[in-house]
Amino acid sequence: MTEALSRRRFLQAAMLGIGGVAAAAVGTPIVAYLLSPFFRSPSDVWRDVGAIDSIQVGETTEISFEDPSPLAWAGQTAQASAWLRRTSDSEFVAFAVNCQHLGCPVSWLSDASLFMCPCHGGVYYADGTVAAGPPPRALRQYEVRTRAGRVELLTHGLELAPS
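What counts and what doesn't
Residues numbered from 1 in each chain as written. Predicted model: local features only at pLDDT ≥ 70, side-chain atom pairs only at ≥ 80, totals over all residues. Heavy atoms only, no water. Disulfide = S-S within 2.5 Å. Pairing = 2+ DSSP bridges. Helix = DSSP H or I, 4+ residues; strand = E, 2+ residues; numbered from the N terminus. Axes fitted to C-alpha atoms, helices over the stretch in contact; angles between N-to-C directions. Phe/Tyr/Trp six-rings, centres within 6.5 Å; stacked < 30°, edge-to-face > 60°. Buried < 20%, exposed > 50% of the residue type's maximum accessible area, 1.4 Å probe, protein only. Lys NZ or Arg CZ within 6 Å of the ring centre and 35° of its normal.

**Brief notes about the state of the cysteines**
Summed over all chains, the structure comprises one disulfide. Cysteine Cys117 shares no disulfide, and the gap to the nearest cysteine sulfur, in Cys99, comes to 3.9 Å.

See below:
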C-alpha cells in the first residue's frame, strides 16, 4: 500500500512540476510584454515634415509624420498628425491634433482662426489656449526647428501618463 501511495505522490509531483514549467514558459513572455512599457522610456525623434517654403507665413496646415513608437502591427496608425503654423519667415509652431479633454481630433477653422473639437464642443484659440468648452488645458505643442531648408518636429513616443 505504501508503494502505491508513494508512486501516486511521485506522479502527482511530476505532473505539477511539468505544469509549472509549461505555465512559466507561456506566462513569462506575456508578463514581460505587458510590463515592458513601464520600464522602457519612449524615445524622442526629430521628424522632417516638409520644406520651409511649402507653408506661407500665417498659414496653418495639417502635417503627418511617422510615430516614433509604432507597434509592429499598427499599420496606418503608425502615422501621426500635427497642426503646423508658420508665424514668421523663420518661426513655426506646431500643435497636437488631439483635444486635451478626451483626445478627439481637433479641426482648424481658418475663417474663425480657431481649433474646434467636434466631440464635446472644445474650442482653442490660434495659440492653442482654451477658448471654451470642457478641455482642462491648452493643446500640446511640439518643439519645432528648421534645418537645411526643412521643418522638423521633436516627436515623442507614446507615454503612459498624460503630460
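**Focus: the sheet that holds strand β10 (residues 150-156)**
Pairing is antiparallel in the open sheet, where six strands are placed in the order β1-β10-β9-β4-β3-β2. What marks the edges here is a single partner per strand, and that holds for β1 (44-51) and β2 (60-66). Ignoring strand direction, the axes of neighbouring strands in this sheet form an average angle of 35°.

**Focus: the packing of aromatic side chains**
In this structure the tally under the stated criterion is three aromatic pairs. The interplanar angle of 55° and the centroid separation of 6.1 Å between the aromatic rings of Trp83 and Phe115 together place this pair among those described as tilted. Here Phe115 lies in strand β6 (residues 114-116) and Trp83 lies in strand β3 (residues 79-86), a separation of 32 residues in the sequence. In this structure, Trp83 and Phe115 share a single accessibility class: buried. Seen in terms of ring centroids, Phe95 and Phe115 are 5.5 Å apart; in terms of plane orientation they differ by 65°. Their pairing is edge-to-face. You can see Phe95 sitting in strand β4 (residues 92-96) and its partner Phe115 sitting in strand β6, a full 20 residues away along the chain. Comparing Phe95 with Phe115, the two get one shared label, buried. One aromatic cluster is present, built from ring pairs that chain together Trp83, Phe95, Trp108 and Phe115. The ring of Trp108 has Arg85 lying over it, and the distance from NZ or CZ to the ring centre is 5.0 Å.

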